[in-house]
Structures are given as structure tokens and as C-alpha cells.
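# Descriptive analysis of the structure
Spelled out, the chains give:
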Amino acid sequence: MLYQQVLQQIFKDIQPLLGQGKVADYIPALAKIDPSKFGMSIHTVSGEKFSIGDAKENFSIQSISKIYTLVLAMAQDNVSIWDRVGREPSGSKFNSLVQLEYESGIPRNPFINAGAHVITDIVNSSYDSPKSAILSLVHKLSQNLTINYDQQVASSEQETGNRNYAMCYFMKSFGNIKNDVYKVLDTYFHQCALAMNCIDLSKSLLFLANEGVMPSTGENIISKKNSDRLNALMLTCGMYDAVGDFAYRIGLPAKSGVGGGIVAIVPGEMSIAVWSPGLSTSGNSLLGTKALELFVNYTGKTIF
Ligand code: GLN
């Protein structure tokens, strides 16, 4: 299939919609991002790559980073994690606190903020320098050693992240956060502040389309079973309270971030990253979702 032509067609189709949605202004450093940016990149398991628009421009990957920390935590111990975090869609906003009270501090899944705090807590317990461990994984997966944390974004979230502090302290009151809350959230705010572009992102998550193995090096990042499980979690929990609509319209495992990025996996075939900063009310990129829907419509690449 001529994927470059498909990307060109998508780029043409979305032009009249550029700028729609609302950038994540609750994080002050993200409020000033130009909402009319759009980039998209594909890496295939067979070694081809395609990209369009602002695919080389770095943005804040935000919650997409929750995949990297989950990979690190699953590799450590994929049994005990699930005593501390669930595997069900939450049906609530990604930063909601309500379920935590009546579900005794056990978050619904690892991709809502509370669940990601627990996973980052596990990473903090497993590594002396969790921020270096996350960065090393990202460097290995993307094969781009220049990727780094955007300190301005991390500080901006540190200064304004009262909701994240509230839910992390709340879970600690149930005994579900083991480390110092400040340290856990320092790691969390930094992982969210990873600055990457669509090309880095699609390349770095290609192992999820290839049974846990990086096609370019042959390295096993996680077992096939865990790769399947991660895809299942992305399909059911990766797009927050819009996950049903996303599965209906697109039908691919995916993970979004409030920086406007989305990564989608076509198992056995490819990884796709798209970036457009304007968000829907669920906190998912509006045009990113539209672009993935167009991609599936043009190519028929869906898991269903
Ligand atoms: N850093 C963001 C937050 O904690 C991540 C949320 C997201 O990307 N959905 O609010």
C-alpha cells in the first residue's frame, strides 16, 4: 500500500479543520502551543517509514509516557502490579478522584493519572534513578539519544499539579503509594514532559506491533504475552472516557496525551503517531483522532 499517498490525502482532508479543539491550558507551559500544528508518522514492522507535516517537531508526550513506565513495571513483576491497579476502563476523566474513595485507593487502570502514579511508584521502588531508567528505555526504543525531558514543562506541572498531588496523597493514605509522594510525582511530571516528535514516537513503540520485539535490532523488550496484554489495555483504557467511541470509529489499540499526541498500533504491521494540540473534552487530540479515523477508512487497517 502507498502509505505516503494516504498520509498526503489525510493531510489535505484535515486542512479545513486545523486549529479546532482546545490546547491543554491547565498546564501553563502547554497553553502557548500553536493549535494549528499537525504531524503524522508511520513505522512498519518490515522497516518502512513515512511521515507528513510537523512530524519532526518535538512536543510534550504527556500520558503516552505511561506506556514506557508500564513496560518497565511489567518487566519487573507482572503479577503483583495487578493487586495495586485494575484493568478496567474508568468511564471518568483521566484526572478524576471520585472512584478512588469508594474503590479503596485502587485506580481502575494504569493509564488514568492515579493508575500511572502507582506504576511510577513501582518504577521508583525498582530503580535508584527512575528518571534515568525511563530515559534509557526511550533512547533505546527510539534510537535517538538526543531525546530529553523538557524541564520547563516538568516545572510548570510541578507548580500547578495540585490535583495530581491530591490523588497521590489520597492513595498513600490507603497504603497504595510506597515512596515519598513528592519523589513519585517528580518522576511522573518528568516522564510526562518528555519532548519527542511523531517519528521518535512511532519508532519507539513499534515493538508493540511486533510481539514485544524491536524489529530493527531483534531485541526482546517484553514477552509476546505482555505485548498482547499492553495492546489490550490500550484498546480498553488508552483513550480515557472516549475509549468506546475511539474503538467504534478506529478500532486500534491507542494511547493519547494532553500534549495532543496519539500513538496507535496495528498489530503485526505498524505503529502510527499523530500530533495535533487541540483537544476534545475527554483530553484526546481532536484532529489526531480524526486523522486516525481517516487512515483506517482509507486503508481498512483495523483489528476488527
Ligand atoms: N501530565 C498530565 C496530567 O497529569 C497527563 C495527563 C494526560 O496526558 N492525559 O494531568
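Data block above holds the structure.
Residues numbered from 1 in each chain as written. Predicted model: local features only at pLDDT ≥ 70, side-chain atom pairs only at ≥ 80, totals over all residues. Heavy atoms only, no water.

### Points about the sheet that holds strand E1 (residues 39–44)
Counted only if it meets this: Should DSSP find at least two bridges between two strands, the strands are taken to pair. Only DSSP runs of H or I covering at least 4 residues are called helices, and only runs of E covering at least 2 are called strands; the numbering of each starts at the N terminus. With axes taken as lines fitted to C-alpha atoms, and helix axes fitted only over the stretch in contact, angles between N-to-C directions fall between 0 and 180 degrees.
Spatial ordering of the open sheet is given by E2-E1-E8-E7-E6, a layout of five strands whose pairing is antiparallel. Either end of the sheet is taken by a strand with one partner, and the two such strands are strand E2 (49–53) and strand E6 (254–256). Averaged over neighbouring strand pairs, the angle between their axes works out to 10° when direction is ignored. Examined bridge by bridge, E1 and E2 share five bridges and lie antiparallel to one another. From the neighbouring strand, serine 41 faces E2, where its bridge partner is serine 51.

### Topic: the sheet that holds strand E3 (residues 59–60)
The strand order across the open sheet built from three strands is E3-E5-E4, with neighbouring strands paired in antiparallel fashion. In this open sheet, the two edge strands, each paired with only one partner strand, are E3 and strand E4 (148–149). Two elements, E3 and strand E5 (residues 194–196), share two bridges in a ladder whose sense is antiparallel. When the bridges of E5 are listed, serine 60 appears paired with alanine 195.

Note that all results are geometric; they support no functional claim without further evidence.
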